[in-house]
Amino acid sequence: MTFWTYRRRDNLVGYLFVAPALLGSLAFVLIPLALVGWYSLNEWNVLGGTFEFIGAENYERLLSDEKLRESLVATTWFAAGLVVLNLSLALLLAVLLNQKLRGTTVFRTLFFSPVLVSLVAWTLVWQLMLQPEGSVNGLLGVVGVDGPNWLRTESAAMVAVIVVQVIKNVGLNMVLFLAALQGVPAPLYEAAKIDGAGAWTRFRRITIPLISPTILLTSIITIVGSLQVFAQIAVLTQGGPGTSTTVLIYYLYQQAFQFHHFGYGATISVLLFVIVAALTLLQWRMRRKWVLHES
Amino acid sequence: MSRKVALYGLLCLLCVPFVFPTWWMVTSSMKPISEIFSESLLPSEWTFSTYSQVFRMQPFGQQYWNSLYIAVIVTAGTMVVAAMAGYAFARIRFPGQNVLFVVVLTGLLIPSEVTIVPLFQLFQSLGLTNTHWPLIIVPIFGAPCVLAIFIMRQFFVALPPELEEAARMDGLGRAGIFYRVALPLARPALGAVAIFTFLHSWNLYLEPIVYLSTPDMFTLPQALTQFVDIYGGPMWNVQLAAATMTAVPILVVFVLAQRQFIEGLAHTGVKG
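All values derive from a computational prediction rather than experimental measurement.

### Describing the overall build of chain A
Logical step 1: Within chain A, the regular secondary structure consists of 13 helices and two strands.
Logical step 2: Relative to the compact-globule value of 19 Å for 295 residues, chain A shows a C-alpha radius of gyration of 24 Å, a clear excess of over 25%.
Logical step 3: In chain A, the share of contacts with a sequence separation of at least 24, taken over all contacts with a separation of at least 6, comes to 70%.

See below:
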């Protein structure tokens, strides 16, 4: 027996193959994360050049920070609005494109195209179109609606950033749903039809359960993604008017890079990480409850 | 029949917000600035001077090259790292595998904004700020790569083991099986990873702002917001010309290869 059995060589190859990703995770994810945890226990003002251990003071500040509370409210609205609008629109588009119809490929291409327009370009274009005298209000005027000053009115600004983001990215979820819909066996629908099930019942009782794994996947990606939306907010509203679109990540950016409170910024980072981790875990657990397994 | 007409009508209507912004971007970039807010769908007089202005106001060619070469290197690097790690996590049994997989997966949970302060310090202490290194190394090995690893793993998990066993019988080692058998089969998943990664790198905004400070090092998203007149007011039509130049080439590639593109992406979701 030589030392290098197939088993041992296999182990070695395994370690070598995961080594780059693992070292990268250590250097660029885990160690920085630990450092963020450490910074959050310090008062660190970059401009003042101060770095001082203050224990849990930053965390106490979190609890009494009125702006943070407002930011969490904005984040919740943004995430909820984004996920609901994104998933329902994606599903609607996928169902429409799944009909036997000529030219669906063309429509699929068109719905998908914003995914490929560079994010900042897309946001700049919408920024101009959403001006009071811009194209959006021009188009709304055609159907007799008097549009608001989208980016300078509190509730309208939130609607605007959500819609801009949904239209940009809904194509991705649409494609995933479309693939899932095409995987639903046609005989199931025919059997249900014979049993007298209407279109809506068939959709609810057959389509939804069978594509539930995709719904789970897309909802996780979309929710976690919604907490990382930065460039759009930075270009469109800078968190305003007031704090109405200051989502958590933008508040974090303000504290760390505009006000140079790196310590408090780190504390907000920890909060953001906890929220993302908790949401992901929650969804993963819910999977057992409502995702249909084939086996 | 009427159902078809209704469907087409609905699809056309739904298309408007998806198509109009791109149309508006392209046409408005050729309008004189006074016409930006006019209702007309086409410029009253076509002007292309905005396009030459883009290059006069900033080293736009250089910035274009920066974005392009960074995205290409990141895409290639990510494909290598993710394919190897994804394969090992899916197909090779080694002690500690599950723990290591969880360790790598934590990257999925961490928005890049969370770790940007310590990373900035790291690169500053290495003297690598205002270089492209942070924009290349972190995506290849750090958090953005994790989604790619996950996609590759899901693909390899679903691959029938018989093919590999046959290759093993023929005396191929593990690395050989990976390179000659598994990797060629993984082309659709690799394609999806390539698209995701390229777009992610091409769109990066916060990282360039944080790391880069001189215009000739800028990437495109960052450069787009810098077209201002001497009073600091944005020059919209020039911005739109620059935006058009960043968006249109990718859109053209997409339209030409849209089938492979969309089906490649869809492929990753079905097995998720």
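The discussion continues.
### Digging into the overall build of chain B
Logical step 1: A tally of helices and strands in chain B yields 14 helices and zero strands.
Logical step 2: When the helices and strands of chain B are placed in sequence order, the string is α-α-α-α-α-α-α-α-α-α-α-α-α-α.
Logical step 3: For chain B, the spread of C-alpha atoms along the three principal axes comes to 70 × 65 × 30 Å.
Logical step 4: When the 272 residues of chain B are sorted by exposure, 43% land in the buried category.
Logical step 5: Contacts in chain B between residues far apart in sequence, at least 24 positions, make up 73% of those at least 6 positions apart.

### Examining the domain arrangement of chain A
Residue and element names in this part refer to chain A.
Logical step 1: Each assigned domain of chain A is listed here: domain 1 (6-53) and domain 2 (65-290).
Logical step 2: Here the C-alpha centroids of domain 1 and domain 2 sit 31 Å apart.
Logical step 3: Only α1 (6-39) and β1 (42-45) provide two or more residues apiece to the side of domain 1 that touches domain 2.
Logical step 4: The biggest single contributor to the side of domain 1 that touches domain 2 is β1, with four residues.
Logical step 5: Looking at the side of domain 1 that touches domain 2 residue by residue, the classes come out as five nonpolar, four polar and one charged.

### Notes on the environment of A:Phe53
Residues and elements named next belong to chain A.
Logical step 1: Within the secondary structure, Phe53 sits in strand β2 (residues 50-53).
Logical step 2: Overall, Phe53 belongs to the exposed group, with 11 C-beta atoms counted inside 10 Å.
Logical step 3: Counting along the chain gives 11 residues from Phe53 to Asn42, while the straight-line C-alpha distance between them is 4.3 Å.

### Brief notes about the nonpolar core
Logical step 1: Counting 156 residues, the largest nonpolar core has A:Val125, A:Val175, B:Ala82, B:Ala85, B:Ile149, B:Met152 and B:Val193 as its most contacted members.
Logical step 2: Counting only domains with at least three residues in this core, you end up with domain 1 (6-53) and domain 2 (65-290) of chain A.
Logical step 3: Leave out the neighbours within four places in its chain, and B:Ala82 touches B:Cys145, B:Ala148, B:Ile149, B:Met152 and B:Val193.

### What to know about the UniProt feature "domain: ABC transmembrane type-1" (unreviewed entry) in chain B
Logical step 1: Following the UniProt record, one finds the feature "domain: ABC transmembrane type-1" (unreviewed entry) at residues 64-257 of chain B.
Logical step 2: Along residues 64-257 of chain B one finds 72% helix and 0% strand; the C-alpha atoms at either end are 22 Å apart.

### A few points about the interface of chain A and chain B
A common measure of how large an interface is: the accessible area buried when the components associate.
Logical step 1: Taken together, the 79 residues of chain A in the interface contact 73 residues of chain B.
Logical step 2: For the side of chain A that touches chain B, the element with the highest residue contribution is α1(A), accounting for 22 residues.

### Some words on α1(A)
Logical step 1: With 34 residues, α1(A) extends 46 Å between its outermost C-alpha atoms, agreeing within 8% with the 50 Å of an ideal straight helix rising 1.5 Å per residue.
Logical step 2: Of all the bends in α1(A), the greatest reaches close to 45 degrees and is centred on A:Ala19; the proline A:Pro20 follows between one and four positions later.

### Describing the packing of α1(A) against helix α7 (residues 143-157) of chain B
Logical step 1: Remark: α1(A) packs on α7(B), axes separated minimally by 9 Å, with the N-to-C direction vectors making an angle of 145 degrees. The hand of the α1(A)/α7(B) crossing is left-handed. Counted together, A:Ala21, A:Gly24, A:Phe28 and A:Val29 of α1(A) and B:Ala143, B:Cys145 and B:Ile149 of α7(B) form the full contact between these two elements.
Logical step 2: Among the residues forming the contact of α1(A) with α7(B), the class breakdown is six nonpolar, one polar and no charged.

The rules behind each value
Residues numbered from 1 in each chain as written. Chains lettered and ligands numbered in written order. Predicted model: local features only at pLDDT ≥ 70, side-chain atom pairs only at ≥ 80, totals over all residues. Helix = DSSP H or I, 4+ residues; strand = E, 2+ residues; numbered from the N terminus. Rg over C-alpha atoms; globule rule 2.2 N^0.38 Å. Contact = placed C-beta atoms within 7 Å. Buried ≥ 20, exposed ≤ 12 C-beta atoms within 10 Å, placed from the backbone. Domains from an automatic or database assignment. Nonpolar A, V, L, I, M, F, W, Y, C, P; charged D, E, K, R; others polar. Core = buried A, V, L, I, M, F, W, Y, C linked by C-beta atoms within 7 Å. UniProt positions renumbered as here; feature names shortened; annotations may be inferred. Expected span 1.5 Å × (residues − 1). Bend = angle between axes of the 7 residues up to and from the residue. Axes fitted to C-alpha atoms, helices over the stretch in contact; angles between N-to-C directions. Left-handed = near helix turned anticlockwise from the far one by under 90°.

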